[in-house]
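An overview of the molecular structure
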Amino acid sequence: MLIRDVMTPAPLTVSSGTSAHRAARLLSRYGFALLPVVAGGALVGVVTVSDVLRARDADPGPPARVGEVMTRTACAVPPDTDVAEVAVLMVDRGLRSLPVVADDGLVGIVTRLDITRVLARSDADLRAAVERKLDAYAGWSRWTVHAREGEVALCDDFDDPVEQHLATVIAAAVPGTVHVDTHHRTACPHHPPVAA
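Everything numeric here is computed off the predicted structure, so don't read it as measured data.

This part takes up the sheet that holds strand β8 (residues 179-184). Strand pairing in a sheet is mediated by backbone hydrogen bonds. Such pairs are either parallel or antiparallel. The sheet built from three strands is open, its strands ordered β6-β7-β8 with mixed pairing. Two strands in the sheet have a free side with no partner beyond their single neighbour: β6 (144-148) and β8. Put simply, the sheet's adjacent strands are angled 20° from each other on average, direction ignored. Where helix α5 (residues 123-138) meets the sheet, its contacts fall on β6 and β7 (151-156), and the angle it forms with β6 comes to roughly 150°.

What follows deals with a negative patch on the surface. Side chains of D123, E149, E151 and D181 sit close together on the surface and give a patch of like negative charge. Mapped onto the fold, D181 is located in strand β8. D181 gets classed as partly exposed once you look at its relative accessible area, which sits at 35%.

Turning to the confidence of the model for the protein, a few remarks are in order. On average, residues of the protein score 85 in pLDDT, and 92% of them are at 70 or above. Across the protein, the element-wise mean pLDDT spans from 79 in helix α2 (residues 49-57) up to 95 in strand β2 (residues 34-39).

This brings us to the side chain of E163. The residue E163 is located in helix α6 (residues 161-172) in this model. Of the residues examined, E163 reaches a relative accessible area of 19% and is grouped as buried. In contact with E163, other than residues within four places in its own chain, are Y137, R142 and W143.

For the α-helix, the turn length of 3.6 residues means that residues three or four positions removed from each other point alike. The terminal C-alpha atoms of α5, which comprises 16 residues, lie 22 Å apart, in line with the 22 Å expected from a rise of 1.5 Å per residue. L126, A129, V130 and L134 are the residues of α5 that are buried. The buried side chains of α5 occupy one side of the element, clustering within an arc of 130° when seen end-on. Exposed side chains of α5 directed beyond 90 degrees from the buried face belong to R132 and A136. Looking one or two residues beyond α5, the residue adopting positive phi is G139, at roughly 85°.

Together, L12, Y30 and F32 make up an exposed nonpolar region whose accessible area comes to about 260 Å². If you trace the backbone, L12 turns up in the loop between β1 (8-9) and α1 (20-30). L12 sits in the partly exposed class, given a relative accessible area of 36%.

Okay, the pattern of salt bridges next. Under the criterion given, the structure shown has one salt bridge. Notably, a salt bridge pairs R127 with E131, separated by 3.3 Å at the nearest N-O pair. With R127 and E131 both in helix α5 and four residues apart, the pair spans about one turn of that helix. The exposure class of E131 is partly exposed, given its relative accessible area of 26%.

As a packed pair, α5 and α6 sit with axes 9 Å apart at the nearest point and diverge in direction by 135°. Viewed along their axes, α5 and α6 adopt a mutual orientation that is oblique. The two elements α5 and α6 meet at a crossing, and its hand is right-handed. Across the interface between the two elements, V130, K133, L134 and Y137 from α5 touch E163, L166, A167, I170 and A171 from α6. Per-class residue counts for the contact of α5 with α6 are seven nonpolar, no polar and two charged.

How each quantity is defined
- Residues numbered from 1 in each chain as written.
- Predicted model: local features only at pLDDT ≥ 70, side-chain atom pairs only at ≥ 80, totals over all residues.
- Heavy atoms only, no water.
- Pairing = 2+ DSSP bridges.
- Helix = DSSP H or I, 4+ residues; strand = E, 2+ residues; numbered from the N terminus.
- Axes fitted to C-alpha atoms, helices over the stretch in contact; angles between N-to-C directions.
- Contact = heavy atoms within 4.5 Å.
- Patch = residues over 30% accessible without salt bridge, like charges linked within 9 Å, V, L, I, M, F, W, Y side chains within 5 Å.
- Areas by Shrake-Rupley, 256 points an atom, 1.4 Å probe, with all protein chains shown as cover.
- Salt bridge = Lys/Arg side-chain N within 4 Å of Asp/Glu carboxyl O.
- Lys, Arg positive; Asp, Glu negative; His and termini not counted.
- Charge placed at Lys NZ, Arg CZ, Asp CG, Glu CD.
- Buried < 20%, exposed > 50% of the residue type's maximum accessible area, 1.4 Å probe, protein only.
- pLDDT = per-residue confidence, 0-100.
- Expected span 1.5 Å × (residues − 1).
- Arc of directions from axis to C-beta.
- Parallel < 35°, antiparallel > 145°, perpendicular 65-115°, else oblique.
- Left-handed = near helix turned anticlockwise from the far one by under 90°.
- Nonpolar A, V, L, I, M, F, W, Y, C, P; charged D, E, K, R; others polar.

Here it is, written out as structure tokens:
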């Protein structure tokens, strides 16, 4: 699964000319860990709670603008990054959120909560979401879908490798899917054999 599937598009942003006080109010009001700082749609940095707190304690007093306190070397990820890679990055660097950029433009933001929601999706919700996607593709309920802790098993009566590949790609794109296997219905590990 990719970050584009779980990110929040068009996040709240500030400019380097925004007052540090206003940035602090926005961070506090919405409970954000950071706000992307943009200029002409391009990410130029981030302002975090830590940035605002450090600025408040600096001599000779708090700076007036975000551009004076922001972190200019912001870590960001492209939208086609795998969710698992971003989860590791966030844990390793102690990050709570990351800007998502494409072609130097800010396209979204992803938080630990976004990733946790994917991991916490119920088996029934995941199964239903995969079924909806497959039904939209095939136009009918050809596949039997089983889901358990993000593992999806797709079972049908055909052994068409092209169709199995397409079904796997579709199921893998559903948020919450960790792994996909396809099986003939008689060999499906989650489905009883069909009576002759």
